[in-house]
Amino acid sequence: PALNTPSLHDALPISDTDTDTDTDTDTDTDTDTDTDTDTDTDTDTDADPLPGPVEPYSYTIIDTSRHSCALTVDHYPVCWSSFKEVLAMDWLLQWVDVDVYNGFICGAASDGGLQCMGDAVWEWFGVGTTYTQVAVGADYESGYWACGLRTDGEIECYAIWRVPDLPDVAPGPFTRIEGGAQLSGIHESGLLYDMIRGSFHTWAEFYVDVDNSGFGYATECAVRVEGDIECQGWNAYLGDLEPPAVYTKVAVDQDANAVCGLTDLGEILCWGDPYPGTPPPVGPGYVDLSMDNDVGCAIAADGSATCWGADDESRYPP
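Residues numbered from 1 in each chain as written. Predicted model: local features only at pLDDT ≥ 70, side-chain atom pairs only at ≥ 80, totals over all residues. Heavy atoms only, no water.

Trainee: Describe the sheet that holds strand β22 (residues 295-300), naming the residues involved and giving the relevant values.
Mentor: Strands sit in the order β21-β22-β23 across an open sheet of three strands; the sheet is antiparallel. Looking at strand neighbours, the two that pair on one side only are β21 (286-292) and β23 (305-309), the edges of this open sheet. Going from strand to strand, the sheet's axes swing by 15° on average, the running direction of each strand aside. Taken together, the five bridges between β22 and β23 define a ladder with antiparallel strand orientation. Note that in β23 the partner of I299 across the bridge is A305. (Pairing = 2+ DSSP bridges. Helix = DSSP H or I, 4+ residues; strand = E, 2+ residues; numbered from the N terminus. Axes fitted to C-alpha atoms, helices over the stretch in contact; angles between N-to-C directions.)

In structure tokens form, the structure reads like this:
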């Protein structure tokens, strides 16, 4: 990948010895000693700093699982874990999307390819291909995959760990992909597609967003084009409990037995069991939302991030 290497300026001394042998005896012995040896001690050691996120961080996209990751407005990943530490990332690399599931973090690199890391894995997939979204997901019996949504709306998937290749993905274009306990895509037609099983869902609806949670026995919820939410799987009944609103995004946390939705007014509304620990934020002004493993995180319109839940102190963003 292009590492955006800073330009290092070679400060060359101006040794104006101008041996202008112009024997024009112009006694104007103006030898112009111009001792302007101006060695330009400004050796530009303050050459452009290495690229990386600029503090204070302003975020655009967030995802949480065992780790939490967000992208800054300048497209650098900032990740922190449930072990009260900020994870060391490759700051020279810019991403356009990030997805997190269990111990794995995957990003769609700005200059092409998918980068995945975690649990002794550091892999590049699809180098040279430009992806707009990334999803990392797992099958309880097999292992983990990373999928990328190409600029033409087609999906490519790669085995990360201990898994066979996935079935061929149906022709797109797709508008969204989502990882986690499932690997789902929203087709241009609005239908949901199961990438692990290679088939469209039997849900006879049209959707704009989808999320899932769990491992093995998963709960999956999706936002219909009308703005209400439907759930299937382990805790499908949660899809019947949402407060009246027009939703644009949904987040599921099977561990907490809870679902939250982001409304068209930027409010976060939650239902199911009360979220453990710190409650979700109240009021409008939010633009992104993610939940898993008893922790929820959201990004406000001003780029600030906030987290809540049982493990709140350990997963608050830097």
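Trainee: Please set out the nonpolar core residue by residue, giving values where relevant.
Mentor: Ranked by size, the top nonpolar core spans 17 residues in total, and within it C106 and I160 carry the most contacts. For this core, the elements supplying multiple residues, two or more each, are β5 (104-109), β6 (114-118), β7 (121-125), β8 (131-139) and β9 (143-150). It is β8 that contributes the most residues to this core, four residues altogether. Setting aside anything within four residues of it in sequence, one finds C106 in contact with W95, D97, V98, D99, Q115, C116, V134, V136, A146 and I160. Counting residues in hydrophobic clusters, the runner-up holds 14 residues, among them A135, F174, Y193 and I196. (Core = buried A, V, L, I, M, F, W, Y, C linked by side-chain atoms within 4.5 Å. Buried < 20%, exposed > 50% of the residue type's maximum accessible area, 1.4 Å probe, protein only. Contact = heavy atoms within 4.5 Å.)

Trainee: Any details on the layout of surface pockets? Residues and values, ideally.
Mentor: What the second largest pocket holds in volume is close to 330 Å³. Contributing elements (two or more residues each) for the lining of the second largest pocket: β1 (59-64), β4 (95-101), β8, β11 (174-178), β15 (207-213), β18 (247-253) and β21. Per-element tally for the lining of the second largest pocket: the top contributor is β4, with six residues. Here the lining of the second largest pocket is built from residues that sort into 13 nonpolar, seven polar and ten charged. (1 Å grid on protein atoms, 1.4 Å probe; cavity = no way out; pocket = protein on both sides within 12 Å on 5 of 7 lines; lining within 4 Å. Points joined across faces, edges and corners; volume = space filled by probe spheres on them. Nonpolar A, V, L, I, M, F, W, Y, C, P; charged D, E, K, R; others polar.)

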